[in-house]
Amino acid sequence: MIMQKFVDRSEQAADKIFDSRTVEKDYHTILPILQPGISVLDVGCGTGAISKGIANLIGPKGKVVGIDNTLDFIEAGKRNYAEVSNLELLHADIFEFESIEKFDLVVSARTLQWLSKPNEAIAKMIGFLKTKGILSVLDYIHEDIEWDPKIPESMGSFYASWLRWRSDNGMNNRMAECLPMIFNENGLRNIEVRESNETYLRGQANFDDKLGIWVKVASSKQLVEEQYVTEELRQKAILDYQNWIEKDANVMQMVLKEVRGQKI
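If you're wondering where the values come from, they're calculated on a predicted model, not measured in any experiment. (Residues numbered from 1 in each chain as written. Predicted model: local features only at pLDDT ≥ 70, side-chain atom pairs only at ≥ 80, totals over all residues. Heavy atoms only, no water.)

Quick look at the packing of aromatic side chains
Inference 1: For the structure shown, the criterion picks out seven aromatic pairs.
Inference 2: Both rings, one in Trp147 and one in Tyr159, keep their centres 5.2 Å apart while their planes meet at 90°; by these two values the pair is edge-to-face. With Trp147 in strand E6 (residues 146-148) and Tyr159 in helix H6 (residues 153-168), this residue pair connects regions lying 12 residues apart in the sequence. Pair check on accessibility: Trp147 and Tyr159 agree, each one buried.
Inference 3: Counting every residue linked through ring pairs, the aromatic cluster contains Trp114, Trp147, Tyr159, Trp162 and Trp214.
Inference 4: One Lys or Arg, Arg166, reaches over the ring of Trp114 and ends 5.1 Å from the middle of that ring.
Inference 5: If you follow Arg166 out to its NZ or CZ, it ends over the ring of Trp162, 5.3 Å from the centre. (Phe/Tyr/Trp six-rings, centres within 6.5 Å; stacked < 30°, edge-to-face > 60°. Helix = DSSP H or I, 4+ residues; strand = E, 2+ residues; numbered from the N terminus. Buried < 20%, exposed > 50% of the residue type's maximum accessible area, 1.4 Å probe, protein only. Lys NZ or Arg CZ within 6 Å of the ring centre and 35° of its normal.)

Focus on the packing of helix H5 (residues 118-127) against helix H7 (residues 175-185)
Inference 1: Put simply, H5 and H7 touch, their axes get as near as 11 Å, and they point 50° apart. Judged by the angle between their axes, H5 and H7 are oblique. As for how H5 packs across H7, the hand of that crossing is right-handed. Where H5 approaches H7, its residues Pro118, Asn119 and Ile122 are matched on the opposing element by Met175, Leu179, Ile182, Phe183 and Glu185.
Inference 2: For the contact of H5 with H7, a count of residues per class yields six nonpolar, one polar and one charged. (Axes fitted to C-alpha atoms, helices over the stretch in contact; angles between N-to-C directions. Parallel < 35°, antiparallel > 145°, perpendicular 65-115°, else oblique. Left-handed = near helix turned anticlockwise from the far one by under 90°. Contact = heavy atoms within 4.5 Å. Nonpolar A, V, L, I, M, F, W, Y, C, P; charged D, E, K, R; others polar.)

Observations concerning the sheet that holds E6
Inference 1: Judged by pairing direction, the sheet is antiparallel, and its three strands sit side by side in the order E6-E9-E8 without closing on themselves. Each end of this open sheet is capped by a strand with a single partner; those strands are E6 and strand E8 (198-201). Each adjacent strand pair in this sheet contributes to an overall mean axis angle of 5°, direction not counted.
Inference 2: Looking at chain direction, E8 and strand E9 (residues 251-254) are connected through four bridges and run antiparallel. If you follow Thr199 over to E9, its bridge partner there is Gln253. (Pairing = 2+ DSSP bridges.)

Quick look at the confidence of the model for the protein chain
Inference 1: Scored by pLDDT, the protein chain comes out at a mean of 94, with 94% of its residues at no less than 70.
Inference 2: A low-confidence stretch, residues 1-12 (pLDDT under 50), is modelled with 55 contacts involving residues beyond four sequence positions or located in other chains. (pLDDT = per-residue confidence, 0-100.)

Section: the nonpolar core
The tendency in soluble globular proteins is for nonpolar side chains to be buried side by side.
Inference 1: Of all hydrophobic cores here, the largest spans 55 residues; its most connected members are Ile54, Trp147, Trp162, Leu211, Trp214, Tyr241 and Met252.
Inference 2: One finds Ile94, Met125, Ile126 and Ile182 within the second-largest nonpolar core, a separate group that totals 25 residues. (Core = buried A, V, L, I, M, F, W, Y, C linked by side-chain atoms within 4.5 Å.)

Quick word on the pattern of salt bridges
Inference 1: Tallying each qualifying case throughout the model produces 15 salt bridges.
Inference 2: Put simply, Arg174 and Asp144 hold a salt bridge, and the shortest N to O gap is 2.9 Å. Remark: Asp144 occurs in the loop between strand E5 (129-140) and E6 and Arg174 occurs in the loop between H6 and H7; sequence separation between them is 30 residues.
Inference 3: The exposure class assigned to Arg174 is partly exposed, which follows from its relative accessible area of 21%. (Salt bridge = Lys/Arg side-chain N within 4 Å of Asp/Glu carboxyl O.)

Structural data, given as structure tokens:
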């Protein structure tokens, strides 16, 4: 896919993040439409953890094809989920992927946010749907993230620079908000939006790890190399934010929406 890699879509950090995801926890809004025997295309499947969960839920008469443009992720998924007979993982770019087969459901979770041409990707995905098939996209509105209490000024500055870097490279920081309009423009009907916010509270087992995603983002020197932040600010943001997580943080909420539409 046409994207700028940055930490959570990079080989260095993404394996662990992707492998820990489940359809029940991380794409739960689609559970009611995962009917036995359907065919599913998962675009930007990472290591295939969610794809595997979908395959198990639709049963042996169903089929899931997962595609991702990072070969390491696909190879890891093939090793980890080799026993899932109705799951096929392919190293492919959505803009170049071709399939004679049409699918009942096409899904894409947390992927379009990284594409510089999401409209083209959506049009391509619609082309893989059967008539009456459903496209479901799950994605963020990065500009609406909430922290309580407010994060340190250094990390706030780093995060603002990260958003600017994304925007300058053609990525949409309000991707989920734009999806209904894009779906409508591409002829989908019966468009629905479901809230799927990721909310992490102090005391939860995964609290430090989930809030620590921004430490992983700041651990990359890409913004320094591309002159969006100084090395001094990057290092200060990491230290200040780690201290904030340990002593002050209560809540982080990432705004996430699932948007689906039907091909008529």
